[in-house]
Amino acid sequence: MKNRNRNRNRVRALAVAGTAAALLAAVAATAPGPAAAPKPKPAAVHGAASILYVYAADDDIRFTVDAEAAPFSRPLNHPQARNGMPTDARGKVTFSHHSPEHGETRSAEAEVDCLVTGGRTATLTAVITSGDAADVGRRIGISVQDGQRGEPDRLGFSWGVANMDVQPDGTPTRPTVGTCMAPAPFAEVTGGGFSVTPGRLAPLPA
């Protein structure tokens, strides 16, 4: 009799253990897995603003920037850049400059071709496509700083205080602006503002 009771108890214990194991397996099968890491946003600059340019303090100078990284989207005729560059970008830049002294306004629109960010600062370049403020086909450089902790946003532009070369005889010349080349953001934003989305450089293609 004792042996029978022991056998029954063993059978019951095994049945309970089997049921518990089945329940645990079912829970494990239906439980959600670890959430996938969110895909990082591409580097970008967006906004519109008026700036204070100290050498034309009475002028109304405005910039609009809409730029987003598009790595390896502009193939080049070079063995190491057949897929393009990690700093390739797309978007548009517009700017206008009104001079009360001369009673005229000049403006231009440009296509973004390069963008790189570092924290809340970005540099980008764009090629003029239309307007009377610069020659069509000329590349311009823009830098933007997204102000933090109450500090104002800032913007710099390649034809303001930088991008000058000097010939051996001392004659100054204006060289071509290379991709993503721009001065520090030297001009304070006085109206509007910019938002910089920082992003890491894309990995090189295999």
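Residues numbered from 1 in each chain as written. Predicted model: local features only at pLDDT ≥ 70, side-chain atom pairs only at ≥ 80, totals over all residues. Heavy atoms only, no water.

**Some details on the overall build of the chain**
Step number 1: Summing up its helical and strand segments, the chain has one helix and 10 strands in all.
Step number 2: Reading the helices (α) and strands (β) of the chain from amino to carboxyl end gives α-β-β-β-β-β-β-β-β-β-β.
Step number 3: Across the 206 residues in the chain, those meeting the buried criterion constitute 29%.
Step number 4: Across the chain, the fraction of contacts at a sequence separation of at least 24, relative to all contacts at a separation of at least 6, is 55%.
Step number 5: Entry remark: accessible area of the chain is about 13300 Å², with carbon and sulfur atoms responsible for 55%. (Helix = DSSP H or I, 4+ residues; strand = E, 2+ residues; numbered from the N terminus. Buried < 20%, exposed > 50% of the residue type's maximum accessible area, 1.4 Å probe, protein only. Contact = heavy atoms within 4.5 Å. Areas by Shrake-Rupley, 256 points an atom, 1.4 Å probe, with all protein chains shown as cover.)

**Looking at the pattern of salt bridges**
Step number 1: Following the criterion strictly, the structure yields seven salt bridges and no others.
Step number 2: Between Arg90 and Glu68 there is a salt bridge, and its shortest N-O distance comes to 3.6 Å. On the criterion of sequence distance, the pair formed by Arg90 in strand S3 (residues 89–99) and Glu68 in strand S2 (residues 60–69) is long-range, its members being 22 residues apart.
Step number 3: You can call Arg90 partly exposed: its relative accessible area is 48%.
Step number 4: Residue classification places Glu68 among the partly exposed positions, given a relative accessible area of 29%.
Step number 5: With its nearest N and O atoms 4.0 Å apart, the salt bridge here joins Glu188 to Arg154. In this pair, Glu188 is assigned in strand S10 (residues 187–197) and Arg154 in strand S7 (residues 154–157), connecting sequence segments 34 residues apart.
Step number 6: When its relative accessible area of 36% is taken as the criterion, Glu188 is described as partly exposed. (Salt bridge = Lys/Arg side-chain N within 4 Å of Asp/Glu carboxyl O.)

**With respect to the nonpolar core**
The tendency in soluble globular proteins is for nonpolar side chains to be buried as a group.
Step number 1: In terms of nonpolar packing, the biggest core is built from 32 residues, with Phe63 and Leu115 touching the most fellow members.
Step number 2: Ranked by residues supplied to this core, first place goes to S2 with five residues.
Step number 3: The contacts of Leu115, once residues within four sequence positions are left out, are Ala43, Ala44, Val45, Ala67, Glu68, Ala69, Thr87, Ala89, Ala122, Thr123, Leu124 and Cys180. (Core = buried A, V, L, I, M, F, W, Y, C linked by side-chain atoms within 4.5 Å.)

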